[in-house]
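Spelled out from the first residue to the last, the chains are:
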Amino acid sequence: PATVSRIGVVYVTPTDLGWFPYVKSWTQRALPEGCPPAVAERIHMMFEKNFAKGLAYQRKYLKEAIVTMSSQLVVSLCVLFQSLFIPGGSIKLDAPPAELQLVVDRLFVFSYVWAVGGPLANSFWEQFSDHCRELFEEDCPQLGIPGSGTVFDYYLDIKEAGTSGKFREWHDIVPSFEYSDDVPYFELMVPTVDTTRFSYIMKSLITVDKPCFITGVTGTGKTVAVSSLLNSLQPMPYDGGMGVVPLLMTFSAQTLSIVVQQSIEAKLEKKRKNLMGAPSGKKMVIFVDDVNMPFVETYGAQPPVELIRQFLDHKGFYDRDKLFFKDIT
């Protein structure tokens, strides 16, 4: 009786439920239409066998910069895989089974590296890389990850090598720096391997409308890197962008949740009484800087952060005067 609420909702603790049910439901609803059943079966196998081992190793021997839950890492892997496994171009669902399985394996491993290895402190990247190579060696002998450096030094170029893709160094796609007198000194950003790979991950997540959390010590250029990426995505798709409307917000100890809500709603268009959204044909991306800064209340709550969490979970806010829920698309 203690686990059943008065409205008949049954609660199951994460330790009893585990993370695999999420994987099964995700493959049923998120994989592209017309995807062969073998793809879902292969993903299930990789999760059950390789991900489970890798997660156990990560928890026992490695340390994260920000502590995460196992379910978070599973969701991150699924979301990143979904953002990259898009039919069309080099990924063909009607490709020979062996080729399709190879690209699924490579995308899974790339997603695994950044979902499970991304939250780690930098000092553990090399150790994680060595374990990662051993982890997939038996089941994925044709991965083709180069032996030098770490697994974080490579991305999967799906446009190369037919339908199966090819691992290439991030160095190959680092943009060249072009100086402009019109740009203020503190907004200048010289592209590096780090800015390139983090921007690649963020852009991939933006394409599937998923949030991204970036952490790092002060002065590492997080704000400049994110702002630069969002500015580059503002043009419409036919001009090489994504039609992004960026909203930059900086939290402080005095930030109030009502001000955060009003700032977001002011940038949205009212489509119906209970529906708001970005301008037609565009996508709004909210960048919250210093998300940990709001004042922590007596029982641990931070109202501005709770509001953002409600938005991420339920895609909307409550109208504080008339008390109805406003959906945001």
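Below is a short write-up of the structure. Here the structure is a predicted model, which means the values were calculated and not measured.

### Observations regarding helix α6 (residues 125-137)
- If you check α6, its first and last C-alpha atoms are 18 Å apart, about what 13 residues at 1.5 Å a residue would give, namely 18 Å.
- Buried within α6 are the following residues: W125, F128, S129, H131, C132, L135 and F136.
- For α6, the secondary structure elements touched by its buried residues are α3 (37-61), α5 (97-116) and α7 (193-207).

### Things to note about the sheet that holds strand β8 (residues 325-328)
- Judged by pairing direction, the sheet is mixed, and its four strands sit side by side in the order β4-β5-β8-β7 without closing on themselves. The two strands at the open ends of the sheet, each matched to only one other strand, are β4 (269-272) and β7 (316-318). For this sheet, the mean inter-axis angle between neighbouring strands, taken without regard to orientation, is 30°.
- Lying over the sheet, helix α10 (residues 303-314) contacts β7 and β8, oriented at roughly 125° with respect to β7.

### Thoughts on the side chain of D157
- With respect to the secondary-structure elements, D157 resides in strand β1 (residues 154-157).
- Classification of D157 by relative accessible area gives buried; the value is 12%.
- Look past the residues within four positions of D157 in its chain and what remains in contact with it is G165, K166 and R168.

### What about a nonpolar patch on the surface?
- Together, I7, V9 and Y11 make up an exposed nonpolar region whose accessible area comes to about 340 Å².
- Counting through the fold element by element, I7 comes out in the segment before α1 (14-17).

### Describing the state of the cysteines
- One pass over the structure, following the stated rule, counts zero disulfides.
- Here C212 stays unpaired: no disulfide links it, and the sulfur of C78, its closest cysteine neighbor, is 16 Å away.

### Some thoughts on a negative patch on the surface
- Negative charge collects at one region of the surface, where E126, D130, E134, E137 and E138 lie side by side.
- The topology assignment puts E134 in helix α6.
- Judged by its relative accessible area of 57%, E134 is exposed.

### Some points on the environment of D153
- Tracing the backbone shows D153 in the loop between α6 and β1.
- Exposure remark for D153: the relative accessible area of 27% places this residue in the partly exposed category.
- Engagement of the side chain of D153 in a polar contact is seen with the backbone nitrogen of T150, the distance being 2.9 Å.

### Considering the pattern of salt bridges
- In the structure shown here, the tally under the stated rule is twelve salt bridges.
- The salt bridge partner of D319 is K326, with a shortest N-O separation of 3.6 Å. K326 carries the same exposure label as D319, and that label is buried.

### Considerations on the packing of aromatic side chains
- Evaluated as defined, the whole model comprises 24 aromatic pairs.
- On the numbers, 5.3 Å between centres and 80° between planes, the contact of W114 with F152 is edge-to-face. Taken together, the residues span a long stretch of sequence, with W114 in helix α5 and F152 in the loop between α6 and β1 at a distance of 38 residues. Residue W114 shares its accessibility class with F152, and that shared class is buried.

### Structural notes on the environment of S280
- Tracing the backbone shows S280 in the loop between β5 (275-277) and β6 (283-289).
- On the basis of relative accessibility, which here comes to 68%, the residue S280 falls in the exposed class.
- Each C-alpha atom, one on S280 and one on G243, is 9.9 Å from the other, the two residues being 37 residues apart in sequence.
- Those residues in contact with S280 that lie beyond four places of it in its chain are E269 and K271.

### Section: unusual backbone geometry
- In the Ramachandran plot, D209 falls in the positive-phi region, its phi being about 55° despite a non-glycine side chain.
- The topology assignment puts D209 in the loop between α7 and α8 (222-232).
- On the accessibility criterion, D209 (52% relative accessible area) is exposed.
- At L323, a residue that is not glycine, the phi angle is positive and equals roughly 60°.

### Side note on the side chain of S257
- Relative to the assigned elements, S257 resides in helix α9 (residues 257-267).
- Here S257 falls in the buried class, since its relative accessible area comes to 15%.
- In this structure, S257 is in contact with P303, P304, L307 and R320, ignoring residues within four places of it in sequence.

Criteria and cut-off values
Residues numbered from 1 in each chain as written. Predicted model: local features only at pLDDT ≥ 70, side-chain atom pairs only at ≥ 80, totals over all residues. Heavy atoms only, no water. Helix = DSSP H or I, 4+ residues; strand = E, 2+ residues; numbered from the N terminus. Expected span 1.5 Å × (residues − 1). Buried < 20%, exposed > 50% of the residue type's maximum accessible area, 1.4 Å probe, protein only. Contact = heavy atoms within 4.5 Å. Pairing = 2+ DSSP bridges. Axes fitted to C-alpha atoms, helices over the stretch in contact; angles between N-to-C directions. Patch = residues over 30% accessible without salt bridge, like charges linked within 9 Å, V, L, I, M, F, W, Y side chains within 5 Å. Areas by Shrake-Rupley, 256 points an atom, 1.4 Å probe, with all protein chains shown as cover. Salt bridge = Lys/Arg side-chain N within 4 Å of Asp/Glu carboxyl O. Disulfide = S-S within 2.5 Å. Lys, Arg positive; Asp, Glu negative; His and termini not counted. Charge placed at Lys NZ, Arg CZ, Asp CG, Glu CD. Polar contact = N/O pair within 3.5 Å; in protein donor to acceptor, adjacent residues only side chain to side chain. Phe/Tyr/Trp six-rings, centres within 6.5 Å; stacked < 30°, edge-to-face > 60°.

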